Amino acid sequence: MPGGELARYEFGKHRVSLRRAEVSDVPALAALFGADPVSAARGDSGEGDLTDYERAFAAVDADPRHLLVVAVEDEGPVVGTLQLSFLPGLARRGAWRGQIEAVQVAASQQGRGVGAWMVGWAVDESRRRGCGLVQLTSATERVDAHRFYERLGFTASHVGFKLTF
């Protein structure tokens, strides 16, 4: 696809393209996280020094097992993002896993199918790369997100735990 485009989604007069994120997208990504109340409560913000985000972007971008993508409306602003990681493992007879993280969609795009399209692309890409399953986590307070993922075919099959430093 032209210009590094990974996929295209069209609805009405709107066109959204999915492409690999670039370092120049970091301010827009930080703003998406900062606009989300759950992420903002964890310290994400689109304001101020972006050095931590830039350092993290460099690490993700340099590792071929991680793919950070952005959704861009009509060659314009970033309106969504997700990170897709490919994890090897011994369980399930050595099955690889696609791990979806940090799904964010701008408020202006919510309800238009952009998030479902992005997650669907991540599932397809995981399958294309030989993964045996796709997994994700979602904060317990994100009840609407849980319904969204269930509509996409995901099941709440495990209880997750985190230890924050």
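About the cut-offs
Residues numbered from 1 in each chain as written. Predicted model: local features only at pLDDT ≥ 70, side-chain atom pairs only at ≥ 80, totals over all residues. Heavy atoms only, no water. Helix = DSSP H or I, 4+ residues; strand = E, 2+ residues; numbered from the N terminus. Rg over C-alpha atoms; globule rule 2.2 N^0.38 Å. Buried < 20%, exposed > 50% of the residue type's maximum accessible area, 1.4 Å probe, protein only. Contact = heavy atoms within 4.5 Å. Areas by Shrake-Rupley, 256 points an atom, 1.4 Å probe, with all protein chains shown as cover. Axes fitted to C-alpha atoms, helices over the stretch in contact; angles between N-to-C directions. Parallel < 35°, antiparallel > 145°, perpendicular 65-115°, else oblique. Left-handed = near helix turned anticlockwise from the far one by under 90°. Nonpolar A, V, L, I, M, F, W, Y, C, P; charged D, E, K, R; others polar. Core = buried A, V, L, I, M, F, W, Y, C linked by side-chain atoms within 4.5 Å.

Student: I'm lost on the overall build of the protein in this one. Help?
Tutor: Broken down by element type, the protein carries 6 helices and 6 strands. When the helices and strands of the protein are placed in sequence order, the string is β-β-α-α-α-β-β-α-β-α-β-α. In terms of overall size, the protein behaves like a compact globule, its C-alpha atoms giving a radius of gyration of 16 Å where 165 residues would be expected to give roughly 15 Å. In terms of overall dimensions, the protein has C-alpha extents of about 45 × 40 × 35 Å along its principal axes. Put simply, the protein has 165 residues, and 36% of those count as buried. Sequence-distant contacts, at least 24 apart, represent 57% of the contacts inside the protein between residues at least 6 apart. For the protein, the accessible surface area stands at approximately 10,100 Å², while carbon and sulfur atoms represent 54% of it.

Student: Just to check I follow, could you spell out the packing of helix α1 (residues 26–35) against helix α3 (residues 51–62) for this structure?
Tutor: Packed helix pairs are characterised by how far apart their axes lie and by the angle those axes make with each other. Viewed as axis vectors pointing N to C, α1 and α3 meet at an angle of 110°, and their least axial separation amounts to 10 Å. By the angle between their directions, the pair α1 and α3 is classed as roughly perpendicular. Read as a crossing pair, α1 and α3 show a hand that is right-handed. Only Tyr53, Glu54 and Phe57 of α3 make contact with α1, whose side of the interface consists of Val26, Ala30 and Phe33. Tallied by class, residues from the contact of α1 with α3 come to 5 nonpolar, no polar and 1 charged.

Student: Looking at this structure, I do not really get the nonpolar core. What am I missing?
Tutor: Burial of nonpolar side chains together is a common tendency in soluble globular proteins. With 38 residues, the main nonpolar core has Val16, Leu18, Ala71, Val114, Trp117, Met118 and Trp121 as its most contacted residues. When sequence neighbours within four positions are dropped, the list of residues in contact with Val114 reads Tyr9, Phe11, Val16, Ala71, Val105 and Gln109.

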